[in-house]
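The primary structure of each chain is shown beneath.
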Amino acid sequence: MTSPLRLLIVDDEAPARTRLRDLLADIRDQVPNEVVAEAANGREALAALERHAVDIALVDIRMPGMDGIELARHVARLPAAPSIIFLTAFDQYAVQAFELSAIDYLLKPVRAQRLADALVKAVRRRPDAAALGRVATAAREHLSCAERGRILLVPVADILYLKAEQKYVTARTRDREYLLEESLVQLEEELGERFLRIHRNCLVARQAVTGVERVSGAEEVEPYWEVLIAGIGERLPVSRRQWPALKAALKA
Amino acid sequence: MDADSIREMPDSPFAGPDFAAPGIWLRVLLAVNLIAFVAVVASNRDTGLLADEFLGVAAMLEPTALLALSALALAGRHVRQRSTWLQLVAVTVAAAASAWLVAAMTAPLRGGSPIISGWRPALVSAAMAATLFHWLHLRTRAQAPAVTEARLQALTARIRPHFLFNTLNAVLGVIRSEPRRAEAALEEMADLFRALMKENRTLHPLSEEIALARQYLNLERLRLGDRLQVRWDVESCPPDALVPPLLLQPLIENAVYHGIEPASEPAEIRVRFSREGDRIVFELENPLADAASHSHGNQMALANIRERLALFFDLEAGLDAAAADGCYRVRIQLPYRVREGR
């Protein structure tokens, strides 16, 4: 190893960050490393990743705001995503899931030797977005897209609709559109409670629907329904196949 | 055994049911009415008259039961500390005398002789009283100190102190940079361990319970810092009120876990103790970051505390918990008792 590993520490509890720093200093001879940044939550961590090149992020799982797993799923979209080692105190469930998905983790209290081993093992191991999705216990609160080497967070609550277009999915908020590198099917699976499918290529946020309107098209075109979207005055066509399910969902 | 031990349990091997306890009154009255109802149904010929017949019988039985219970409650220890046989005699005599008295007083209404008309109700009441006494006796025995204490021990042992583990991790974090703070934390932790390992089978003063909770919160501050805010309102409550041990700490631990840890901003837990007449009311409130997550672990803690309250106070204590307006509230009320001999 020529240059020292560049590390990011993410934990909401100050003593836990201090402890990691101490341990990393202890194993510096064995595994050269430097802590380039610390963060107390997911957002701070993403901001730190914009400013610093990081090889490995040490991430606590249970954090307020954005938990460690969600953070990792966003980080996985970065072109130069750091490897991630999770830290957990006693989450039985998480540990089992991690074992099954071959995701690196360390149990707290972290021991110096285990930390050293994990760092060596983790080098250049990109986070696996699919595996992270499997171990996540809750739907994400944000979706993310990578733009010019940084992560843009899109709060799920702000999204009016998601539309598949060729290779990408577009997330529309009141202000703008974001390109997401995820499939609409997966998004529907994760966020199905908050979104309604109105078309093969389109999911609409339940709360964004202000009404539906029947449109009688030109000749030779059968009449169809359109969903009115709150705030932006757009209308989206409902496919004939989705209409019965949508009607039932809107009545409920 | 101390007077503040489990539900003022029997202080001698003979001690019988406490006829001053609301739980006993409730059970006796329910049983009496149930027996009356069954008897009326059995003897009834015309279903339309069922309600009238029941009221007729109940009107005689209830004053009888109340009268007998009052007499026994007044007699108090003089009865409770006799042998089981003498208690049975006292209960039977009290019931028979009460029945005879009620019958004699209502005889003019029914046009009978005050003296003679009483023998039948007296006999029936005596038989019912003997049966009920036997039932209460068995019940008391089933809840004998040994059984109750074993149950209490088991319940207390089940309080799994996650915070001890969290604290160890936090102490490891500061041990090099702030050795004195680490030292103080370990000392407090030792105190808490002692409290947790104690045989927690007797009530103890509220002041001790509050001190324990404050120590616990000091430890949590080590890792949570300013995120953890607590507002205490305990001035108006007598500190000598007796409460079950480990009542407060597990509830506050829950509040920290569900109210403080998931919150990005500093959040506040409110603890309030007050005295309302002869009752102590405890209220705990914490903000709720995510209502859905407030789940299983908390229910277990609440069930645990509910059962311990029942073991200590029978029907005289109650616990309610509910989430509303982004807040989670737990309310416990229990009778105000102090250690005897003060």
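Residues numbered from 1 in each chain as written. Chains lettered and ligands numbered in written order. Predicted model: local features only at pLDDT ≥ 70, side-chain atom pairs only at ≥ 80, totals over all residues. Heavy atoms only, no water.

Novice: For this particular structure, what's the right way to read the interface of chain A and chain B?
Specialist: Much of the literature gives interface size as the accessible area that the parts lose upon coming together. Contacts between the two partners involve 16 residues from chain A and, on the opposite side, 19 residues from chain B. With both sides pooled, the region where chain A packs onto chain B buries about 1500 Å², and carbon together with sulfur makes up 53% of that total. Counting the contacts that link chain A with chain B gives four salt bridges. As a salt-bridge pair, Arg-176 of chain B and Asp-26 of chain A come within 2.6 Å of each other at their nearest N and O atoms. At the boundary of chain A and chain B, one finds five residue pairs in polar contact (both at pLDDT 80 or more). Tallied by class, residues from the side of chain A that touches chain B come to seven nonpolar, two polar and seven charged. (Contact = heavy atoms within 4.5 Å. Buried area = accessible area lost by both parts, 1.4 Å probe. Salt bridge = Lys/Arg side-chain N within 4 Å of Asp/Glu carboxyl O. Polar contact = N/O pair within 3.5 Å; in protein donor to acceptor, adjacent residues only side chain to side chain. Nonpolar A, V, L, I, M, F, W, Y, C, P; charged D, E, K, R; others polar.)

Novice: Looking at this model, I keep getting lost on the pattern of salt bridges. Mind explaining?
Specialist: Tallied over the entire structure, the rule returns 35 salt bridges over all chains. In this structure, Arg-194 of chain B engages Asp-191 of chain B in a salt bridge whose closest nitrogen and oxygen atoms are separated by 3.1 Å. Of the two residues, Arg-194 of chain B and Asp-191 of chain B both sit in helix 8 (residues 179-197), three residues apart, roughly one turn of that helix. Note on Arg-194 of chain B: relative accessible area 54%, which makes it exposed. Exposure remark for Asp-191 of chain B: the relative accessible area of 30% places this residue in the partly exposed category. Residue Glu-283 of chain B is joined to Arg-331 of chain B by a salt bridge in which the shortest nitrogen-to-oxygen separation is 3.3 Å. Within this pair, whereas Glu-283 of chain B is found in strand 5 (residues 279-287), its partner Arg-331 of chain B is found in strand 7 (residues 327-335), the two being separated by 48 residues in sequence. Relative accessible area serves as the criterion here: at 33%, Arg-331 of chain B is assigned to the partly exposed category. Counted as one network, the salt bridges with shared partners bring together Glu-13 and Arg-62 of chain A together with Glu-220, Arg-223 and Glu-261 of chain B. (Helix = DSSP H or I, 4+ residues; strand = E, 2+ residues; numbered from the N terminus. Buried < 20%, exposed > 50% of the residue type's maximum accessible area, 1.4 Å probe, protein only.)

Bear in mind that shape data such as this cannot, by itself, settle questions of function.
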